[in-house]
Amino acid sequence: GQQVMQIPQYQHVQEGEDFTTYCNSSTTLSNIQWYKQRPGGHPVFLIQLVKSGEVKKQKRLTFQFGEAKKNSSLHITATQTTDVGTYFCAESYNNNDMRFGAGTRLTVKP
Amino acid sequence: DTAVSQTPKYLVTQMGNDKSIKCEQNLGHDTMYWYKQDSKKFLKIMFSYNNKELIINETVPNRFSPKSPDKAHLNLHINSLELGDSAVYFCASSQAQAGYNIQYFGAGTRLSVL
């Protein structure tokens with residue numbers, strides 16, 4: 001079935017470096033959501049993008065939705081140790097169904 | 001108060017046993033879900049219930065059966081546990097609207113089958 005592909009699978013950065021994770025789909029996405037899961041924790045909703053070309057910011061986090069609504073990215077500026085975790089993109093469709101990307105596991109070296 | 005709570009947090013059991021995981025949400029949401037997260041962190045939706053009706057049933061073994069006594073509860077019963085069932089199981093809820101379906105997850109149940 002349709003999949004949301006997410007890359008990279010792992011990313012290790014030095015504290016202060018930037019980080020980006022990408023999601024891609026072969027078909028048009030109705031929306032894209034982003035979640036963060038801390039080690040040992042549960043996924044927590046960060047944001048949802050709906051409009052073509054949409055860009056939203058949350059402090060050091062910038063979320064983008066592609067013009068064709070087939071890709072999305074999450075960029076973190078100047079990573080901190082508190083950013084450690086796995087970041088998931090997900091698509092909500094048919095009102096009640098969800099499709100998650102495989103996640104990008106971010107580690108930050110102090 | 002915890003919005004989505006699930007119990008137990010940890011579950012260690014022998015192969016062949018039957019076990020249940022309970023989930024409750026106090027957000028007033030109309031849809032609840034069960035997810036399985038394997039050791040590679042893949043999140044796979046197993047079931048969802050909307051107004052006490054099963055609306056998604058992915059290709060999970062029929063040893064797994066969701067039960068919803070009311071819209072605030074969605075329990076997961078697993079028969080004849082197998083080694084491959086070891087994973088973290090997350091309950092979630094949402095207020096599904098056209099284009100908006102934000103998931104609120106419970107803390108997870110870490111199931112180990114020995």
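Residues numbered from 1 in each chain as written. Chains lettered and ligands numbered in written order. Predicted model: local features only at pLDDT ≥ 70, side-chain atom pairs only at ≥ 80, totals over all residues. Heavy atoms only, no water.

Chemist: Would you mind showing me how to read the layout of surface pockets here?
Modeler: A water-sized probe, rolled over the atoms, reveals where empty space remains. All names here are of chain A. Its boundaries defined by the atoms lining it, the second largest pocket holds a volume of some 170 Å³. In terms of lining residues, the second largest pocket is bounded by Lys36, Arg38, His42, Val44, Leu46, Arg60, Leu61, Thr82, Asp83 and Tyr87. Classifying every residue of the lining of the second largest pocket gives four nonpolar, two polar and four charged. (1 Å grid on protein atoms, 1.4 Å probe; cavity = no way out; pocket = protein on both sides within 12 Å on 5 of 7 lines; lining within 4 Å. Points joined across faces, edges and corners; volume = space filled by probe spheres on them. Nonpolar A, V, L, I, M, F, W, Y, C, P; charged D, E, K, R; others polar.)

Chemist: What exactly am I supposed to notice about the side chain of Gln6 of chain B here?
Modeler: All names here are of chain B. Looking at the element boundaries, Gln6 is found in strand β1 (residues 4-7). For Gln6, the side chain forms a polar contact with the main-chain nitrogen of Cys91, separated by 2.9 Å. If sequence neighbours within four positions are ignored, Gln6 has contacts with Ile21, Lys22, Cys23, Trp34, Tyr89, Phe90, Cys91, Gly106, Ala107, Gly108 and Thr109. (Helix = DSSP H or I, 4+ residues; strand = E, 2+ residues; numbered from the N terminus. Polar contact = N/O pair within 3.5 Å; in protein donor to acceptor, adjacent residues only side chain to side chain. Contact = heavy atoms within 4.5 Å.)

Chemist: I would appreciate a short explanation of the pairing of strand β10 (residues 97-100) of chain A in the present structure.
Modeler: Remark: a regular strand shows side chains that alternate across the two faces of the sheet. Residues and elements named next belong to chain A. In β10, alternate side chains face the same way, and those of Asp97 and Arg99 on one face and Met98 and Phe100 on the other are all buried. Pairing geometry for strand β9 (residues 85-93) and β10, over four bridges, is antiparallel. In the strand pairing of β10, Ala90 is matched with Phe100. (Buried < 20%, exposed > 50% of the residue type's maximum accessible area, 1.4 Å probe, protein only. Pairing = 2+ DSSP bridges.)

Chemist: When you look at the nonpolar core in this model, what are you seeing that I'm missing?
Modeler: In this structure, Trp34, Met46, Phe47, Phe64, Leu76, Tyr89 and Leu111 of chain B are the most contacted members of the largest nonpolar core, which totals 20 residues. The residues touching Tyr89 of chain B, leaving out its near neighbours within four places in the chain, are Gln6, Ile21, Trp34, Tyr35, Lys36, Met46, Phe64, Leu76, Gly108, Thr109 and Leu111 of chain B. The next biggest cluster of nonpolar side chains, apart from the first, holds 19 residues, and it includes Val13, Ile32, Trp34 and Tyr87 of chain A. (Core = buried A, V, L, I, M, F, W, Y, C linked by side-chain atoms within 4.5 Å.)

Chemist: Before we go on, may I ask you to explain empty space enclosed by the protein in this structure?
Modeler: Residue and element names in this part refer to chain B. By the definition in use, this model includes two cavities of 30 Å³ or more. If you add up the space inside the largest cavity, you get close to 50 Å³. Taken as a whole, the second largest cavity spans an internal volume of roughly 30 Å³. Every residue lining the second largest cavity is listed: Asp30, Met32, Tyr49, Asn51, Lys52, Ser68, Asp70, Lys71, His73 and Leu74. Elements that contribute at least two residues to the lining of the second largest cavity include exactly β7 (64-70) and β8 (73-78). Counted by class, the lining of the second largest cavity contains three nonpolar, three polar and four charged residues.

Chemist: How should the sheet that holds β7 of chain B be read in this particular structure?
Modeler: Consider a sheet: its strands pair through backbone hydrogen bonds, and that pairing is either parallel or antiparallel. All names here are of chain B. Pairing is antiparallel across the open sheet formed by four strands, whose spatial order is β1-β3-β8-β7. Two strands bound the open sheet, and with one partner strand each, they are β1 and β7. When strand polarity is set aside, the average angle formed by the axes of neighbouring strands in this sheet is 20°. As judged from the four bridges shared by β1 and strand β3 (residues 19-25), these two strands associate in the antiparallel manner. Across the sheet, Thr7 pairs through a bridge with Lys22, a residue of β3. (Axes fitted to C-alpha atoms, helices over the stretch in contact; angles between N-to-C directions.)

Chemist: Got a minute to help me understand the interface of chain B and chain A in this structure?
Modeler: A common way to express how large an interface is: the accessible area buried when the components associate. Counting residues at the interface gives 28 residues for chain B and 20 residues for chain A. Across the chain B to chain A interface the summed buried area is about 1,900 Å²; carbon plus sulfur atoms make up 53%. Scanning the region where chain B abuts chain A turns up zero salt bridges. Linking chain B with chain A are three residue pairs in polar contact (both at pLDDT 80 or more), by the criterion used here. Taken together, the residues of the side of chain B that touches chain A sort by class into 14 nonpolar, ten polar and four charged. (Buried area = accessible area lost by both parts, 1.4 Å probe. Salt bridge = Lys/Arg side-chain N within 4 Å of Asp/Glu carboxyl O.)

Chemist: Help me understand unusual backbone geometry in this model?
Modeler: Keep in mind that most residues, glycine aside, have a negative phi and that most peptide bonds are trans. Here Ile7 of chain A and Pro8 of chain A are connected by a cis peptide whose omega angle stands at -5°. With respect to the helices and strands, Pro8 of chain A occurs in the loop between β1 (5-7) and β2 (10-14). A cis amide bond links Thr7 of chain B to the next residue, Pro8 of chain B, at an omega of 0°. Mapped onto the secondary structure, Pro8 of chain B falls in the loop between β1 and β2 (10-13). Positive phi, normally seen in glycine, also occurs at Ala78 of chain A, with a value near 50°. The topology assignment puts Ala78 of chain A in the loop between β8 (71-76) and β9. Residue class for Ala78 of chain A comes out partly exposed when judged on its relative accessible area of 30%. In this model, Ser80 of chain B sits at a positive phi of 45°, which is unusual for a non-glycine residue.

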